[in-house]
Each structure stands twice: as structure tokens, then as C-alpha cells.
Amino acid sequence: MAPRLQLEKAAWRWVETVKPEEISQEHIELAYRVHLPACKRGTCRRNCKGNPNCLVGIGEQAWLGEIDENAFHNIDDPNSERRDKNTFVGLTNLGATCYVNTFLQVWFHNLELRRSLYQCHNSRAQEHNIESDYEPQSICEHLQYLFALLQNSNRKYIDPSGLVKALGLDTGQQQDAQEFSKLFLSLLEDTLSKQKNPSLQNVIQQQFCGQFSYVTVCNQCGRSSALPSRFYELELNIQGHKNLTECVTEFLKEEKLDGDNRYFCESCQSKQSATRRIKLHSLPPTLNLQLMRFVFDRQTGHKKKLNTFISFPEQLDMGPFLEGKQDHKCVYELSAVLIHRGISAYSGHYIAHVKDARTSDWYKFNDEEIEKMEGKKLQLGIEEDIAETVKSQTRKPKCSKGYHCSRNAYMLVYKLQEEESSDPSRTIVEVPAFLQRLVDQDNHKFEEWCSEMADMRKQSVDKGKAKHEEVKELYELLPARDDKVGESKRVSLQAGQLLYERYGGGPRLDGSSLCRECVGQRCRVLRLKNQLNEDYKEVSNLVKRTLSGEGYWVGKASLRSWRQLALEQLEEDEHESKHSNGQTNGQGPHTNNCKEFGPELSEGNEEEMKTFNEDIVCSHGGLSILETERKLVSSEVWTKLRVYFPKAPEFTQNQEQCQQCLTLEQEEKDNEAVSKMMALDQKNQLLNLFHEKNRPTLTKWPQDTDVLYIVPLFFVDEWRKFIRRPTKSSPVSNVGNSLLLCPHGGFMFTYDSLINGDAQHIALLWPSEWDVISRLFIVDQPISIHCFKQTTPTGPTTQYTTQPDLCWECREGFLFQQQRDLREYTQATIYIRKVIEDKRMIKEAAPELNASSSEAEEDKEEHPKVDGEKDPDFSQSQDGAKRLKLSDDSTATSGEAAAAAVPVTNVTKLGGIRRSTRHRKLRGEKALIVSANQTLKELKIQIMHAFSVAPFDQNLSIDGKSLTDDSATLGSLGVIPESIICLKADEPIADYAAMDDVYQVRMPEEGFKGTGLLGH
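Cut-off values and rules
- Residues numbered from 1 in each chain as written.
- Predicted model: local features only at pLDDT ≥ 70, side-chain atom pairs only at ≥ 80, totals over all residues.
- Heavy atoms only, no water.
- Helix = DSSP H or I, 4+ residues; strand = E, 2+ residues; numbered from the N terminus.
- Buried < 20%, exposed > 50% of the residue type's maximum accessible area, 1.4 Å probe, protein only.
- Areas by Shrake-Rupley, 256 points an atom, 1.4 Å probe, with all protein chains shown as cover.
- Polar contact = N/O pair within 3.5 Å; in protein donor to acceptor, adjacent residues only side chain to side chain.
- Contact = heavy atoms within 4.5 Å.
- Axes fitted to C-alpha atoms, helices over the stretch in contact; angles between N-to-C directions.
- Parallel < 35°, antiparallel > 145°, perpendicular 65-115°, else oblique.
- Nonpolar A, V, L, I, M, F, W, Y, C, P; charged D, E, K, R; others polar.
- Pairing = 2+ DSSP bridges.
- Core = buried A, V, L, I, M, F, W, Y, C linked by side-chain atoms within 4.5 Å.
- Left-handed = near helix turned anticlockwise from the far one by under 90°.
- Disulfide = S-S within 2.5 Å.
- Phe/Tyr/Trp six-rings, centres within 6.5 Å; stacked < 30°, edge-to-face > 60°.

*Asks:* Requested: an account of the overall build of the chain, with residues and values cited.
*Replies:* Helices and strands together make up the secondary structure of the chain, namely 28 helices and 34 strands. For the chain, the proportion of its 1016 residues judged to be buried stands at 45%. Only carbon and sulfur atoms are counted for the fraction: they give 47% of the accessible area of the chain, which is about 55200 Å².

*Asks:* Just give me the short version of the side chain of asparagine 122, but keep the residues and values in it.
*Replies:* Mapped onto the secondary structure, asparagine 122 falls in the loop between helix 5 (111-118) and helix 6 (123-126). Of the polar contacts made by the side chain of asparagine 122, one reaches the side chain of tyrosine 134; its length is 3.1 Å. Of the polar contacts made by the side chain of asparagine 122, one reaches the side chain of glutamine 144; its length is 2.9 Å. Other than its neighbours up to four places away in sequence, asparagine 122 contacts Tyr134, Glu141, Gln144 and Phe434.

*Asks:* Give me unusual backbone geometry: which residues, what numbers.
*Replies:* The linkage connecting glutamine 803 with the following residue, proline 804, adopts the cis geometry, with an omega of 5°. As for its placement among the helices and strands, proline 804 is situated in the loop between strand 27 (795-803) and helix 25 (808-823). A positive phi angle, close to 55°, is found at aspartate 959, a residue other than glycine. With respect to the helices and strands, the residue aspartate 959 is situated in the loop between strand 32 (954-958) and strand 33 (961-963).

*Asks:* Quick one: what's the story with the packing of helix 7 (residues 139-152) against helix 9 (residues 177-192), residue by residue and with numbers?
*Replies:* Packing of helix 7 against helix 9 brings their axes to within 9 Å, and their N-to-C directions diverge by 105°. When the axes of helix 7 and helix 9 are compared, the pair comes out roughly perpendicular. Each of Ile139, Cys140 and Leu143 in helix 7 lies in contact with helix 9, whose residues at this interface are Phe184, Leu187, Leu188, Thr191 and Leu192. The residue makeup of the contact of helix 7 with helix 9, split by class, is seven nonpolar, one polar and no charged.

*Asks:* Go over the sheet that holds strand 23 (residues 651-652), please, and point to the residues and values.
*Replies:* Here three strands make up an open sheet; going across it, the order is 22-21-23 and the pairing antiparallel. The open sheet has two edge strands, strand 22 (630-634) and strand 23, and neither has a second partner. Here strand 21 (residues 551-555) pairs with strand 22 via five bridges, running antiparallel. Considered in strand 22, the bridge of glycine 551 is made with serine 634. Taken strand by strand, helix 19 (residues 635-644) contacts strand 21 and strand 22, and its axis lies near 100° from that of strand 22.

*Asks:* Mind laying out the nonpolar core, listing which residues take part and the relevant values?
*Replies:* Trp107, Leu117, Phe180, Phe184, Leu188 and Leu338 are the most contacted members of the largest nonpolar core, which has 63 residues in total. In terms of residue count, helix 7 provides more of this core than any other element does, nine residues in total. Dropping the residues within four chain positions of it, tryptophan 107 is found in contact with Leu113, Phe147, Phe180, Ser181, Phe184, Leu185 and Phe208. In terms of nonpolar packing, the next biggest core, distinct from the first, is built from 37 residues, Leu287, Leu316, Leu334 and Leu412 among them.

*Asks:* Just give me the short version of the sheet that holds strand 32, but keep the residues and values in it.
*Replies:* Sheet strands pair via backbone hydrogen bonds, and the direction of the pair is either parallel or antiparallel. Ordered in space as 31-28-34-32-33, the five strands form an open sheet in which the pairing is mixed. Two strands close off the open sheet at either side, each with one partner strand: strand 31 (925-930) and strand 33. Here the strands of the sheet are splayed against their neighbours by 35° on average, with no regard to which way each runs. Of the strand pairs in this sheet, strand 28 (residues 828-835) and strand 34 (residues 980-985) are connected by five bridges, and their pairing is parallel. Residue pairing across strands places valine 835 opposite lysine 984, the latter belonging to strand 34. Sheet strands touched by helix 28 (residues 936-947): strand 28, strand 31, strand 32, strand 33 and strand 34. Its angle to strand 31, the strand with the most contacts, is close to 140°.

*Asks:* How would you summarise the pairing of strand 3 (residues 210-218) if you had to cite specific residues and measurements?
*Replies:* Relative to strand 4 (residues 224-231), strand 3 runs antiparallel, the two being bridged by eight bridges. Bridging across to strand 4, valine 217 finds its partner in serine 224. Connecting strand 3 to the antiparallel partner strand 4 that follows it, the hairpin turn spans five residues, and glycine 222 within it adopts a positive phi of roughly 80°. Direction of pairing for strand 3 relative to strand 9 (residues 274-282): antiparallel, over a ladder of eight bridges. Bridging across to strand 9, cysteine 218 finds its partner in alanine 274.

*Asks:* Account for the packing of helix 15 (residues 516-544) against helix 19, naming residues and giving values.
*Replies:* For the pair helix 15 and helix 19, the least separation of the axes is 10 Å and the interaxial angle reads 155°. As the angle between them shows, helix 15 and helix 19 are arranged roughly antiparallel. Along this stretch, helix 15 crosses helix 19, giving a crossing that reads as left-handed. Residues Leu528, Gln531, Leu532, Asp535, Glu538, Val539, Leu542 and Val543 of helix 15 pack against Glu636, Val637, Lys640, Val643 and Tyr644 of helix 19.

*Asks:* Can you explain the state of the cysteines? Please cite residues and give values.
*Replies:* Tallied over the entire structure, the rule returns zero disulfides. Considering cysteine sulfurs only, cysteine 120 is the nearest to cysteine 140, which forms no disulfide, with 4.4 Å between them. Residue classification places cysteine 140 among the buried positions, given a relative accessible area of 4%. This cysteine, cysteine 810, is not joined by any disulfide, and cysteine 807 carries the nearest cysteine sulfur, 3.6 Å off. Classification of cysteine 810 by relative accessible area gives buried; the value is 6%.

*Asks:* Let's hear about the environment of glutamine 653: which residues, and what values?
*Replies:* Assignment of secondary structure puts glutamine 653 in the loop between strand 23 and helix 20 (659-685). Note: C-alpha distance between glutamine 653 and leucine 632 (21 residues apart in sequence) is 7.1 Å. Setting aside anything within four residues of it in sequence, one finds glutamine 653 in contact with Gly549, Glu550, Gly551, Tyr552, Trp553 and Leu632.

*Asks:* If you had to explain the packing of aromatic side chains to someone new, which residues and values would you point to?
*Replies:* Overall, the coordinates contain 26 aromatic pairs when judged by the stated rule. Between the aromatic rings of tryptophan 562 and tyrosine 644, the centroid separation amounts to 5.7 Å while the plane-to-plane angle is 55°, which identifies the pairing as tilted. One end of the pair, tryptophan 562, is in helix 17 (residues 562-578); the other, tyrosine 644, is in helix 19, with 82 residues separating them in the sequence. Neither tryptophan 562 nor tyrosine 644 differs from the other in exposure class; each is buried. Taken together, a centroid distance of 5.0 Å and an interplanar angle of 0° make the contact between tyrosine 709 and tryptophan 770 stacked. Highlighted residues: tyrosine 709 in strand 24 (residues 707-712) and tryptophan 770 in helix 24 (residues 767-776), separated in sequence by 61 residues.

Below you can see the structure in the form of C-alpha cells.
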């Protein structure tokens, strides 16, 4: 089928020869394209919107093609939640509980521990009624049930929230994994010691406990003393070491005790220099080696992570380290590696690599996800690539066969190597019947859920298939066998009847619904569009001719753009004639009478047509008095324009100008003359005030007067504006001294405060100037400052008083409000300046605290210079004080409100150069948006994102004072808007940007305080 535009032109080609009143039924059917041939499937890539008989591409592809059952529902396959064959069960991460999940998986794979836990007495589980949900109480009960589910559940992963809740852990806070391991094993040991079965009371000691002693030898007498001790894991320092052997050797090395650290020898009965070392006596079957990656940094007061590569073997011979048992074979095999992803001690993610005791296969446990490693080897994989995207100072060392290297491993679990046994029961742990009954109950619930989800999917699919067949049947009936044209389709009477019966809606449109009025309207529009270019050329030529006879006034702007206005109007008319009132068959009642939307169309046209010739209509509806904005055209030109703009305002050559406008114009001229005379008179009487010459100052009181008068600076600025531009600015009538007074009528400033900066709110006047101002303007309240000089025995003294007197109560309230505003700000800007090495920073004067306007805002104000005058905004008063300008809308009468409404507009300095109050950022400095109630901890996180410096590496200070209290608010720390905070970073981490698995950034946690691990 031809493109839509070609069909459009072909359907309306007849309008060139047919006038609207000559339209016949044949023309209407051509316009509606009733007789266009229908398109066949396969010939059109998409639906031909210009052909109402094209029924291709109307959505039938989704119904006539192959059925995709997934399109009929949004329910995930419940089998995706089912445990795969020969895999393990995962654990749900409840927010930040990955550290708990890793240890639970490691302990679950300790077969001896699991076997012992299953043997614990649990009357609650044995007597449980399967009609209700089982809720464990003690730690042993929780572990029993959790391990049984991990072993025989049908689910892909299970929820450990019962155990986590019983321990009282905060699921949103990541804790120290090593501390959790110690505390949990200690709690489990204490719980098992209360079991009645003697074989269970010492399970933890039998599995994890070894013995060593601290041996101290006196250098003086040679006496040796040993202090025996038990351990559940060996805490190995990794700083400065490359492999596990070096770490163990350092753990056992001899230490010298001398100086203040000398040892009290019982034989010598005095403090003596001595040596001390640790001697290993026995090792447990499960050897936990804690690699001390998280260490305390004394400089920052926070923990940090050591991203040091450590090499460790798959087989570890501990025989050489045992005291007196060098010949005793004590070989361990690696069974688990616990990994911390991330470079910070306060963030990251924990996972575990665990070896299956039965098959010797390695698995990676990452919360819900469990991945079996290829082959029989441990593959740390991506865990060692976390920080490799940025150049790192340490390269990954090459590992020998049988060894592994890791920068993220924080705990290694080794199992004592046993002689190969033919007894398969050694690696088989059966779930007791009472626990298996609970697991079966949970599996039954899971299967019911799977069945319910599958039924819901099936119902949705069956419903979709039925709909599919229904639409397929209906599509066969659609073609009509015998102009919202682009949005409607012709279908057969049989198909139409079926559609209305099944789906309802209305109205029914047939051949009699074709609208003659719409076709006639569009015919008129198309004919005018075709005629527009010719008329434009003709009007352009006619306008250039000399006018003869009666003419009409047309706005010059309208005359310049009339073709564009006419084209826009015609296109809108064409759009209206193409489209109906927006209703479709399914949108309720309809009438075929096009006159219903005729008035709407007319109103729209009239509103658009008002734009033509509106430029010479005054506000009173008459002819504008501005003759330069209109042009006289001939009646022939006006007749052609009226065809396109029938509703345009019409003014004949003899039309009188608006009398109201003429009267207002004369009044305005008279007022301007009066304003000029008034401005000239006021300027001559107050010439020094206008030019800002010979101004009195408070710092150096004038000799020839003992009184000066005070007015708001705002009054003086507004007065100068009027003097400069009397015809553009309103004359000033009131002084407005109440702005400087409190509600009680007292003055708000002291002599000292005026000298120290408050003088920027006011202007000082000589007595002679005050006499003139009192005469020319309305004064609500005179304000003056008096100087009294006295001679005392100690010498001459000078006192200053104001009239009216200072209101101390309101003054103190004003100062308090000022301080509070500095402490209760929101969305304020501060600047963080990074100090690099020991380079000194350039000190800058702090900007004005209440500066609010930018340079761009200052430049918006127009200050044209009059010949022979100097713009006072660029001059400097004698006292050198920086001036502030009172806000235009400051009408408050209270002292607090008056003082608060005093933003800075510009600041002057010597030399006559305007200086912006905006802060000038230096290199290495960034602006942050903060609030007063924000804590220092939250600011450090903002700084971390801006400078890539971790919070615990940030040393912040303001005005030389260190900021250390992370819980304190910025307001309480004295951080105010526009403050400059210095940042010094401690050993910034080169690969900070590579931290891609961070859950959240936290300051040091409170540990396990208040949890069940500490007996609470």
C-alpha cells in the first residue's frame, strides 16, 4: 500500500476543483477512503493507518503466531525455588547477616559437631504437634532445626531469622565476624555443658580446643614458670608476612621483657629482665586460624583492614610447632576459607569456601547462592579481583602447587588428616526421626505452595489460550466484504455484531455516519492553504503601492507575520476537521450531529484569530495611540486578510484613537515633569548625600557637632535611585526609621555594635541634612546619636547615647536569634578543603555570614551614571565600613524581623572596586550542602563520596580545632554556613573506587552489646 501521505493527497485531490457547497456523496466517500483495496497479510510490515480497510498489524501477530505461555501470567516458576539435586541449601541474607550465614555453613559441614547436636535432648521437638508451626526456643534447638533443614530441605534456601532473632542480633548492622565466632562458640559450649548426656558436654572442647602455655624464663636466675591456657583459635598477625608459616612462627617466637615491662621473679623476689614465648602442647581436630586483617589504628582511633596477600597450603604440618613432639605427625587439611569482600573494616560482604567432607568437592557459599567449584580444587576466583580495577601497590604473588594466595581471607579452617577408612558411616550423619518429621512438615508446606503457584499459572495460561482462540476466530470475520480515518477500521457487519455482543461499547457507525460538514470544513481549509502563497505575494505587492481611497489600520507586527499566523490557524482547523471530539466506539454515548463540536471549533478559531491585529488594540479595546506600530493598508488588502482572519479587530482609516489612552498619556507627561523638578530640587538640597561626599563617621567623630542623625541605608539607596531616574522610579515619601526600632520603640544597635559592623545597616546624616529631610519627607521617628565629652580626674572621657534609648531586652533577643539562626540552618553551603602533605593553605578572610546575593544578582540592577556624577555604589565612605542594603520588602516592625531582613547586596573596598561576597573556591576544595542537625558522621560519609577518603581516614578541623565527635551535630560543633573545614587524609587507599560489593558504610559498631551472645 502507498505511504500514508500519498493516500492523504489522493483522497483530497478533488478539493482543487470542487467548492465546499458543491460536495457530493462521491466526494465524501473519497475523503473517507471507503473503496481503497484491503491489504494482504505479508505485504505490509506494519498497519497502513491511511487505509481503513487494512487489517494487518493491528495486534494479530500476538494471537495468530505461536503461543508463548509466559505471556499469559506474571508468576515465576515455583521450581526455581526448589533445591537442585546433589547441592546444598543456602541461607537468606536478612539485611547484613552474611557474616552469620558463612559461619553457620562452616559449622554445618563439621560432621562431628552436627552429629553431636542431633543427639541433644529436645522434648519440645519430639512432642510437637505437626498441625502447628514448630518454634525452637534454645540455641541448641535452633541449630538442630536449622542443620536438619540445611541437610534435607527441598527448598533452595531457608530463612535463619529464628536463630538470628533468638540471638538478638541487629539484621541491619554488619558486625565483626571473628568476634561473632568466638562468642557463639562460647555460648554453645555453655549450653551443651548443661546436657545430661556426658558425651555431649565437652563437644566444643573436643572439636575446637587446644592447649598452650606462656613460658617465662628469668635472665638472672634462669627460673622458668609456665602459665597453661586453652585456645579455640589461633590469632595470627599478618602484617609484614607473606605466608602462613611466617605468621605461626611469629606467634610462637620469643619475646623480651625488659625496662618497664620487666617480669617479677619469685626466686629473685624482684623485677628482672626475662624472655617469654608460647609453647603449643596439643591441637584440636578442627584448627581455626584467625588472620588478623582487621586491626586498630591508633592514629585514627578506628579499625582498618589489611589488604595483604597471605599464602597458605592445602596441607599444613603443625608437627614442627608442637612442643616436644617434633617426630609426631600432625598434618591438617584445609576444609574452609572465610572471605571478606571489600577494602574497609566497616563495610563489605562475607562468603565462605567450604570442602564437602563426603566428596571432597569445594563449594562457594554466598547467602542464597551456592556454586560448586569445577574439579576438586579450591578456586578463590573473583574474591581476589575485587580491588584490581585500580593500580594497586601490591601484586598478587605466584603460588606454588598446593598453595593458595588471598588478600581477603580472614579465617582458615583446617581438619586433622585421618587415615583412610573403609567405613562409609564416618561421613554419614543421619537426621534423627523427630527432626526429620519437622523437616517433612516444612517440605510439605513448600510442596503445597509450589502446587498452588503451578495451579495459578495453569489457570492464567488456560484463560489466555481461550482468549487466543476467541481473537483468532474473530480476526477471520473482520474484513468487510461487499475521517478519523487513520484511527478507524472498516469491518464486516458480522464481525461488528460479534464485537458489540462480546465486549459492549458504542455507538454503531455505518455508511450513514460519514459527516458531510467535516468534509466541507476540511475542503475549505485545504483550498485556503493552496491559495495562501499566492495571496501572500499579492498582499506584499499591494502593500508597497501608494494608498488611494479608504484604508484600514493593521499592526506592523501582524502584517510581518500574517502568513505564519494564517498557516498555523489553517493547520489547526485541518486538525479539528480530521479528528472528532476524542470519543471512540467504546467511550459511551455518541451523536452523529457534527454541529455539537462546531461551536467548540468556532471558539478555538476565534481565540486564535484574536492574535492577528491584536497588537494595535489598547487595554481599553480601542485603537492604540502608538502610530509607529500600525500601518494603513488598502481595502483590497484588508479583504484578503479577512478571509484568513474573519474575527480580527477592524479599524478604518477614520477610526479615532482611544481617548482614555490619550488622557493617560498627557497625565504621565505631566507627572514626569513634576518628578524631574522634584528630583532636581532634592538633589540640590542634599548634594553631598547624593554624591556620598563629606560623610560623617563614628570611628572619627566630627569636631563641629555633638549630634548625628540616623536613617536606614535602604531609604538612602531608594532615594538615590529616584534622583538618578525620576521618570522610571517612584519618588520616596517616607524615611521608615521604624525598621531600626524594636516593638517597644527602642533603638536596636549600640555605638560599639555600629563601629563593629552594624553601621552597614544605616546611613549617618549631618544636622543640616536632617533638617532638609524632615522638611521633604514624612519621618515616623527621629533617631540620633549624641557625643558627650567630659573631663575626669583620670582624663577626658567620651560617652555616646542614642535617642531613642537602646532596648536591651530586644537587643539581647536579636543577638540570640542571630546565634540560633547560625545553629539551625538547613541546606547551607560549607567548603571542604583538602590538605595535601604538609603544605600550608592560603588563609582567606571568612566571607560575610549573611551574604545572600550573587554577582549575577548585583549586575541585574541598573545604575546608569549621570554626566559629571560618580556612582555612589562604587565609592567608599570615610569610615571604610562595609555597607549592607535593607531588603525592599522589609516591612516588619519588630526588632528581630527588622534585623533579620538585612541581606547583603554588595560590599565595597578601598580603590572603588566592587568585591563579591561569594566564596572563592581554591584548588582541592569542594562545596557540600549540609544542615545544622546533621551529624559529623553523616558529613564524613558525604566527604567520602566527594574525595574518596574513607571516614576513618578523615581528620577534620575548623579554625584549628579538631572535629572528633562523630555523633555531635554540625551546629553544636560550630560549623556555620560558608564555613571552611580542613580535611587531612591518613594513608588514602589507592583502590577505594574498586569497592563494588559494599552494603553500607558505618562507623565503629557497638559490637554485640545487648545481644544473646553476651547472655542478655
